Amino acid sequence: MTQGVQRSRGRQRWRSRLHRLDRSVSPYLYVSPFFLLFAVFGLFPLAYTAVISTTAWSPRKPGSADVSVGLDNYTTLFADENFHNALINTLGIGLLSTGPQLLLALGIAHLLNYRLRGRIVLRMGVLLPYVTSVAAVALIFNQIFARDFGLVNWFLQPFADSPIDWRADEWSSWTAVAVMVTWHWTGYNALIYLAAMQTIPYDLYESASIDGASKWQQFWHITVPSLRPTIIFTVIVSTIGALQLFAEPFLFDATRNNNGGSQRQFQTIVLYLYQQFWTNGRYGYGAAIAWTLFLITVVIAAINFLLARRISSTK
Amino acid sequence: MPNAGRPMRAVVATLAVSALALTACGGGETAQSGDVTLTINVFGDNFSLPDNRTVYDEYERTHPSVKIVENRSDFGTHHKNLQARLTAGNGAADLEVVEVGQVAGFIGQPDKFVNFRGEGVDTAQWTDAIVARASTADKDALIGLPTDIGGLAVCYRTDLFAAAGLPTDRAAVSALWPTWKDYVDTGTKFLEKAPSGVKWFDAGGHVFTGILGGEKETFYDAGGELIVERNPAVRAAWDLSVKAIKAGQSAALPEFSPEWNTGFQRGQFATVTCPAWMMGYIQGNAAETTGKWDIAKIPGGSGNWGGSYVTVPSQGKHLKASVELAKWLTAPEQNVKLFKTIGNFPSQQSTWKTPEVAGFASPFFNNAPAGTIFPDSLAGAPAQVVGPESGVIGNIFAAALNSVEQGTSPEEAWSRTLADIKAAAG
């Protein structure tokens with residue numbers, strides 16, 4: 001008997017210990033998959049890239065992998081005119097695409113927010129460009145912006161002396177790439193805005209219209225202020241996306257060495273990184289570009305975040 | 001083989017082929033234990049025109065236990081992926097084709113490839129220069145077996161020549177341009193009466209490559225030193241290409257781009273620098289222009305552009321079967337057959353005199369005697385020196401000449417080119 005009691009007591013103690021362990025450790029176990037995956041696919045590459053960036057590793061030069069060159073790659077990079085050019089291109093295309101894209105998305109979301117016939121179809125429809133692969137989009141836009149038999153040039157025929165070579169100049173190539181980016185992302189942002197718009201209480205609009213506010217005034221004074229946090233979110237996400245722009249300029253490019261135009265007219269930072277790393281086999285230098293881009297992104301995201309906090313607190 | 005690709009078509013083809021490869025692996029391995037599936041990565045028009053796998057079908061017929069899966073991508077992507085997979089030690093195909101301008105970049109990594117020296121290959125069937133290019137400096141390792149060789153000629157449109165009042169007979173056309181300067185002068189004459197919208201050639205970069213195709217030393221000297229800046233031959237080729245561009249002779253179609261492909265179909269240019277493998281591109285890109293083309297001698301009389309090697313990365317799982325396939329694919333019989341179907345010219349000199357090759361005339365090209373034109377152009381051609389970054393440098397020049405076509409001043413383009421080359425290869 002006593003033995004039995006002792007045993008069951010021991011079991012109870014064991015159980016309560018397990019229970020405590022369960023409460024204190026389990027949450028960590030539940031979130032650990034993310035951190036494990038992040039360590040393998042996020043932290044390790046980040047650290048390894050940093051290590052590579054201090055070498056002059058090129059697969060075409062045997063033995064170059066283990067020779068450290070310190071921070072030489074970074075000093076070269078900061079003085080590299082092609083890198084400056086890529087930075088300017090990235091910011092330029094970013095501005096040209098992010099602005100129109102978010103404004104368009106806001107307008108489209110506003111229209112979709114009306115009680116329209118077949119609005120489910122329309123709402124799904126704006127997402128179509130987003131679910132289409134970038135490669136397919138680029139394929140079409142390459143033809144639309146072709147110099148000799150392109151659609152845009154065909155429309156411009158009455159107004160231009162000679163067909164525009166879209167890849168030849170900065171302004172034209174930036175426009176073409178920005179149109180591709182805008183086409184791809186506008187629907188996605190519109191849906192995010194639409195979701196946020198539907199949380200705005202209808203009474204606000206009702207009382208405003210009783211007070212005699214026009215539709216435009218309602219949009220400007222009720223919808224937009226209510227969307228402020230959402231707008232800030234989309235601005236941050238689009239900015240980070242714009243800094244990492246790669247697929248569109250990569251696929252618009254007709255050079256064989258990922259030059260982003262015959263004179264790097266639309267070579268973005270990631271395209272330059274790709275060119276140096278893969279096309280020219282400069283692993284060390286490419287890694288240095290990757291890390292520099294990472295730091296730039298962190299800084300810009302931080303500025304964005306601080307501005308956003310100030311804006312939302314002044315409301 | 002060819003020196004490039006059709007990017008978009010290649011993307012689609014790659015996707016389709018990888019899907020096929022996935023299903024093939026899934027089903028094939030369990031079927032029979034002795035079966036092997038060999039993958040081969042190619043670019044451009046290696047071994048076949050698109051969607052044509054006659055050569056593989058024949059091998060599968062005689063080797064029932066072997067299945068061949070081909071994966072075709074464009075020139076740049078192909079070589080980039082190969083390097084990435086060699087570095088990673090995983091993911092390369094059982095057989096990988098490497099272009100002659102790129103092979104020097106892989107010579108420094110001989111341990112990543114099967115050495116054909118130990119595989120019973122008779123290297124005497126090729127010239128020393130061809131073998132040396134795919135060999136390490138000490139000649140101990142041979143990493144690839146030569147498939148084809150480019151040679152050089154000029155393909156021209158007889159209908160456009162007639163419209164501009166130029167002769168159309170290939171002997172008379174060849175007589176128009178003993179030198180490259182004459183070629184450019186003829187271009188000026190052509191433009192005076194050319195149909196509207198038709199230019200003399202496709203891209204300045206191809207004229208540049210054609211001129212340098214007759215030079216022994218271009219970007220590197222025999223000692224392996226980078227000599228781009230001080231090599232008068234390079235500067236002369238640049239100046240003449242620029243002169244032709246400034247005279248409005250270039251259709252300014254970026255080489256091997258989709259627009260370049262369209263240019264063939266629409267007849268936007270009358271001549272193109274034409275190594276043997278270019279015949280395959282023209283037939284593949286613009287099948288409907290059959291009979292409108294002919295082939296004339298290259299200015300200067302001789303030269304070479306391109307050619308490829310089949311390699312077997314040592315990371316493969318079926319090295320023995322892969323080596324066997326590589327040997328078969330590069331054997332004279334297959335090379336001769338490929339020459340007759342798509343134009344890629346055999347690298348074995350012994351085949352050039354056989355009636356099959358020497359007597360071959362291409363119906364697509366107005367029965368031009370391709371079987372004698374290309375060996376003639378190779379007879380006087382120097383053994384070209386290539387270095388580890390020759391491919392990269394060639395691409396930099398192509399982009400720079402395209403920028404001149406787009407309006408950049410030649411001097412600015414030249415100085416940028418030198419800076420880019422210094423950064424990439426210096």
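Note that the structure is predicted; figures quoted are calculated from it, not measured.

Points about the overall build of chain A
Of the regular secondary structure elements, chain A holds 14 helices and zero strands. For chain A, the C-alpha radius of gyration of 27 Å lies well beyond 20 Å, the compact-globule estimate for 315 residues. With the principal axes as the frame, chain A shows a C-alpha extent of 105 × 75 × 35 Å. Classification of the 315 residues of chain A by burial places 31% in the buried group. Put simply, 67% of the contacts in chain A that link residues at least 6 apart link residues at least 24 apart.

With respect to helix α3 (residues 75-88) of chain B
Residues and elements named next belong to chain B. Taking 1.5 Å of rise per residue, 14 residues should cover 20 Å, and α3 covers 20 Å from first to last C-alpha, within 8% of that figure. For α3, every residue scored as buried is listed here: Phe75, Gly76, His78, His79, Asn81, Leu82, Gln83 and Leu86. Within two residues after α3, Gly89 carries a phi angle of roughly 75°, on the positive side.

Remarks on the interface of chain B and chain A
One widely used convention gives an interface's size as the accessible area the parts lose upon coming together. With 31 residues of chain B at the contact, the number on the chain A side is 24 residues. Of all the secondary-structure elements, those providing two or more residues to the side of chain B that touches chain A are α1 (7-31), α3, α11 (258-266) and α18 (390-405) of chain B. Per element, the largest residue contribution to the side of chain B that touches chain A is seven residues, and it comes from α18(B). Of the residues assigned to the side of chain B that touches chain A, the class counts are 14 nonpolar, 14 polar and three charged.

Section: the sheet that holds strand β2 (residues 66-73) of chain B
In a beta sheet, neighbouring strands pair by backbone hydrogen bonds and run either parallel or antiparallel. All names here are of chain B. If you walk across this open sheet you meet the six strands as β2-β1-β3-β9-β4-β10, and the pairing is mixed. Where the open sheet ends on each side, the last strands, each with one partner, are β2 and β10 (345-346). Judged from the four bridges that link them, strand β4 (residues 144-149) and strand β9 (residues 307-311) form a sheet pairing that is antiparallel. Note on β9: the bridge partner recorded for Leu145 is Val310. Sheet strands touched by helix α13 (residues 319-329): β1 (36-43), β2, β3 (95-99), β4 and β9. Its angle to β1, the strand with the most contacts, is close to 50°.

A short note on the domain arrangement of chain A
Here chain A is partitioned into domain 1 (2-42) and domain 2 (75-313). Domain 1 of chain A and domain 2 of chain A are separated by 48 Å when their C-alpha centres are compared.

Here we look at the domain arrangement of chain B
All names here are of chain B. Under the domain assignment, chain B is made up of domain 1 (7-149 + 306-358) and domain 2 (153-273 + 389-425). Domain 1 and domain 2 are separated by 30 Å when their C-alpha centres are compared. Each partner contributes residues to the interface: domain 1 has seven residues there, and domain 2 has five residues. Broken down by secondary-structure element, the contributors of at least two residues to the side of domain 1 that touches domain 2 are α1 and α4 (100-107). At four residues, the largest contribution of residues to the side of domain 1 that touches domain 2 is made by α4. Its residues assigned to classes, the side of domain 1 that touches domain 2 shows four nonpolar, three polar and no charged.

Focus: the sheet that holds strand β6 (residues 199-201) of chain B
All names here are of chain B. Pairing within the open sheet is mixed, and its four strands lie in the order β6-β7-β5-β8. What marks the edges here is a single partner per strand, and that holds for β6 and β8 (293-297). Taken over all neighbouring pairs, the strand axes of this sheet differ in orientation by 20° on average, direction set aside. Pairing between β6 and strand β7 (residues 269-273): two bridges, direction parallel. Note on β7: the bridge partner recorded for Lys199 is Phe269.

Some details on the environment of Gly301(B)
All names here are of chain B. Considering the arrangement of structural elements, one finds Gly301 in the loop between β8 and β9. Classification of Gly301 as partly exposed rests on a count of 16 C-beta atoms within 10 Å. It is 19 Å that separates the C-alpha atoms of Gly301 and Phe201, two residues lying 100 residues apart in sequence.

Things to note about α11(B)
Residues and elements named next belong to chain B. Of the residues making up α11, those classed as buried are Glu259, Trp260, Gly263 and Phe264. Along α11, the residues classed as buried sweep out an arc of 155° about the axis, all on the same side. Lining the buried residues of α11 we find β7 and α12 (278-285). One or two steps after α11, the chain reaches Gly267, where phi turns positive at roughly 65°.

Rules of the game
- Residues numbered from 1 in each chain as written.
- Chains lettered and ligands numbered in written order.
- Predicted model: local features only at pLDDT ≥ 70, side-chain atom pairs only at ≥ 80, totals over all residues.
- Helix = DSSP H or I, 4+ residues; strand = E, 2+ residues; numbered from the N terminus.
- Rg over C-alpha atoms; globule rule 2.2 N^0.38 Å.
- Buried ≥ 20, exposed ≤ 12 C-beta atoms within 10 Å, placed from the backbone.
- Contact = placed C-beta atoms within 7 Å.
- Expected span 1.5 Å × (residues − 1).
- Nonpolar A, V, L, I, M, F, W, Y, C, P; charged D, E, K, R; others polar.
- Pairing = 2+ DSSP bridges.
- Axes fitted to C-alpha atoms, helices over the stretch in contact; angles between N-to-C directions.
- Domains from an automatic or database assignment.
- Arc of directions from axis to C-beta.

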